[in-house]
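Descriptive structure summary
Each chain, written out:
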Amino acid sequence: MTKASRSMAIEVEGLSFTYGQRNVLEDIHLHIPEGSFLGLMGPNGSGKSTLIKCILGLLSPTTGTIKLFGKPIQRFNDWSQVGFVSQKANSFNSGFPATVFEVVSMGLYGKVGLLRFLTKKHKQKVLESIQQVGMQDYVHQNIGELSGGQQQRVFIARALVSEPKLLILDEPTVGVDAKSVQNFYTMLQRLNVERGMTLILVTHDIGAMTEYITDVACLNKCLHFHGNKLEFESQHDSMMTSLYGHDVRVITHNHDHHDHDHDHDHDGSGH
Amino acid sequence: MIQIFFQFDFLRYSLYTGMLIGLLAPLLGVFLVVRRLALISDALSHITLSGIAFSLLLGRHYSYFAGLNPMYMGMAFSVGGAIFIERLRNVYRYYKELAIPIILSAGIGIGVVFISLANGFNNDLFHYLFGSVAAIRQSDFHMIVSITLFVLVMMLLFYKEWFFLSFDEDQAVISGIPKKTLHFLFIIMVALVISASMRIVGILLVSSLMTLPVASAMRWAKSFKQTFLYAILFSEISVIVGLFSAFHLDIAPGGTIVMLNVIILLISLLLKRKGI
């Protein structure tokens, strides 16, 4: 199946964004097909979060257009299709007196709509979502009493409860221990493969996740690269130099199984 | 000693009014505290003071205003202050708390000028500052009933939206919750409840009823909903016991209510040693 025939989750055309005098993003063209798992990488201050905020409708681009599931973002109103787990989830007010159940319920508020209440069925959904991220033993625990990794899982559950077709995660593993990070990526991969959910994972360290993703986009004000993982790995050295201004090695974890990709020469025909 | 409250109309009104305030203040207070905006109630109560002083001043010069309940003018100032705070919070986006001292000092400043113009302190003003058991009129009571109904209906309708906005504003906005409208509606409710509460607890102490019971409740509650239940429970205890003892000991109810709240808070701190 060629990319052109797949329907697009996100289409960004000629997007630029300016903060005052400073250009944060310049002429970005980015098409993300449904069902892909994209790693969006770039150094700090490369405009990753700004791009995500534009896609989420939190910021309006200075120029350019964005389409979500084929609809221009100004007319897109089915936001329950879009899940978002922010970087800030790690630094929320941890004294907030809310339980895991209450936090995950919030994920349904937009879908349920104004002036309506959660029904039994909704509550069942909340419980299922909590189970999905393996937090069923903590349903009535205070969110502030959990570890960073557990909190992050709760926020994923909140994003999943409205059954989105697109899930965007902005540096979700900052402050989470290495083992939880691996479980976390495995869980995302399962959502991608089994449910066909489109995933975008924003990170400044792509090494930790190369084995889970299907596509890579490199951003530093402009889009330096966008393609599948194998293309990326074959050109990775020059890419890193153009992105970071010096040579950076991508450290791939778990060398002991299947993934020796960048040791070999790939033509990318496998995907 | 309790029956006397039901023998005199004015005492009955102050008891009922107190109980309604005891419900409303912590209900809004929970949201204010978790949004770290507890001090907004202080700012709004001080701006209410300038409204009251203005009304008393006008009352000296124009007979029309002498008959008008100063609470209305206090309410108008308070709502105006609330709108101004929301504006300032948008102007100083990175210094959102700056709006609070601005409105607070403006409120006191204007209030003091009006008080001086009206030739200083009188007994009426003392009641507004520290509360009074005997000051409740039937019109005050009716006003409180309508405010209570309004706030309760709004809470029922928008509880989940305010909860989401307080916990995680960005996410709430992404999911399509109208942030500005709801924040605006909320602060108007706070302004109304504050100006309505001042008869009982007094302007200088009204904010305590919004924050102290919530501070105690957070030690006990295991969920957001429980925080409301405990906060309302503590606040009702303090209001009811406070009003009775204030009447019998002939002291200002505002101070008694606050002291009871402080005692409840100290007990909560002692019994529940969890870090927040």
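Bear in mind the structure is a predicted one, so any value in this text is a computation, not a measurement. (Residues numbered from 1 in each chain as written. Chains lettered and ligands numbered in written order. Predicted model: local features only at pLDDT ≥ 70, side-chain atom pairs only at ≥ 80, totals over all residues. Heavy atoms only, no water.)

1. Observations regarding the overall build of chain B
Short version of the rule: Put simply, DSSP marks the helices as runs of H or I at least four residues long and the strands as runs of E at least two long, and each gets a number from the N terminus on. Two residues form a contact once any of their heavy atoms are found within 4.5 Å.
Looking only at helices and strands, chain B has 13 helices and 0 strands in total. Traced from its N-terminal end to its C-terminal end, chain B shows the element sequence α-α-α-α-α-α-α-α-α-α-α-α-α. Of all intrachain contacts in chain B linking residues separated by at least 6 positions in sequence, the fraction that spans at least 24 positions is 77%.

2. A closer look at the packing of helix α2 (residues 100-112) of chain A against helix α3 (residues 120-132) of chain A
All names here are of chain A. What counts is decided by this rule: Each axis is a line fitted through C-alpha atoms, taken for helices only over the stretch in contact, and angles between the N-to-C directions span 0 to 180 degrees. Roughly parallel refers to an angle under 35 degrees, roughly antiparallel to one over 145, roughly perpendicular to one between 65 and 115, and oblique to any angle outside these ranges. Two helices cross in a left-handed way if the nearer one is turned anticlockwise from the farther one by less than a right angle. They cross in a right-handed way if the turn is clockwise.
Packing of α2 against α3 leaves a shortest axis separation of 9 Å and a crossing angle of 125°. Comparing their axes, α3 and α2 come out oblique. For α2 against α3, the interelement crossing comes out right-handed. Contacts between α2 and α3 involve Val100, Phe101, Val104, Ser105, Leu108 and Val112 on the former and, on the latter, His122, Lys123, Lys125, Val126, Leu127, Ser129 and Ile130.

3. Quick word on the UniProt feature "transmembrane region" (unreviewed entry) in chain B
Residue and element names in this part refer to chain B. Here is the rule: UniProt positions are given in the numbering used here, feature names are shortened, and annotations may be inferred rather than shown by experiment.
Taking the numbering used here, the UniProt-annotated feature "transmembrane region" (unreviewed entry) corresponds to residues 13-34, 39-58, 64-86, 98-121, 141-159, 180-197, 228-247 and 253-271. Helix makes up 95% of residues 39-58 and strand 0%. Its end C-alpha atoms lie 29 Å apart. Secondary structure across residues 64-86 comprises 87% helix and 0% strand; the distance between its end C-alpha atoms is 32 Å.

4. Description of the sheet that holds strand β3 (residues 37-41) of chain A
All names here are of chain A. What counts here: At least two DSSP bridges between two strands are needed for those strands to be called paired.
Sheet architecture is open: 6 strands sit in the order β6-β7-β8-β3-β9-β10, paired in mixed fashion. If you trace the sheet from one side to the other, it starts and ends with β6 (82-85) and β10 (222-228), each paired once. Within this sheet the neighbouring strands show an average axis-to-axis angle of 15°, counted without direction. Of the pairings in the sheet, the one linking β3 to strand β9 (residues 215-220) comprises 4 bridges and is parallel in character. In the sheet register, Leu40 faces β9, and the bridge partner there is Ala217. Seen against the sheet, helix α4 (residues 148-160) touches β6 and β7 (166-170) and runs at an angle of roughly 165° to β6.

5. Let's talk about the packing of aromatic side chains
How two aromatic rings sit relative to each other is set out by the distance from centre to centre and by the angle between their planes. All names here are of chain A. Quick note on the threshold: Each pair of aromatic rings taken from Phe, Tyr and Trp, with Trp reduced to its six-membered ring, is defined by centres within 6.5 Å and is described as stacked if the planes are under 30 degrees apart, edge-to-face if over 60, and tilted in the remaining cases. Remark: exposure states derive from per-residue accessible area (1.4 Å probe, protein chains only) relative to the maximum for the residue type, with buried under 20%, exposed over 50%, and partly exposed in between. Placement of a positive charge over a ring is assigned whenever Lys NZ or Arg CZ falls within 6 Å of the ring centre and within 35 degrees of the normal to the ring plane.
Tallied over the full model, the rule gives 29 aromatic pairs over all chains. Ring centres of Phe184 and Tyr185 lie 5.9 Å apart, and the angle between their planes is 45°; on these two criteria the pair is classed as tilted. Just as Phe184 is buried, Tyr185 falls in that class too. Above the face of the Phe69 ring, Lys165 is positioned so that its terminal group lies 4.7 Å from the ring centre.

6. Quick notes on helix α5 (residues 70-91) of chain B
Basically, it comes down to this: By this rule the span expected of a helix is its residue count minus one, scaled by 1.5 Å.
Under the 1.5 Å per step criterion, the end-to-end length of α5(B) is 31 Å for 22 residues, consistent within 8% with the ideal 32 Å. Turning to α5(B), its buried residues are Pro70(B), Met71(B), Met73(B), Gly74(B), Met75(B), Ser78(B), Gly81(B), Ala82(B), Ile85(B), Glu86(B), Leu88(B) and Arg89(B).

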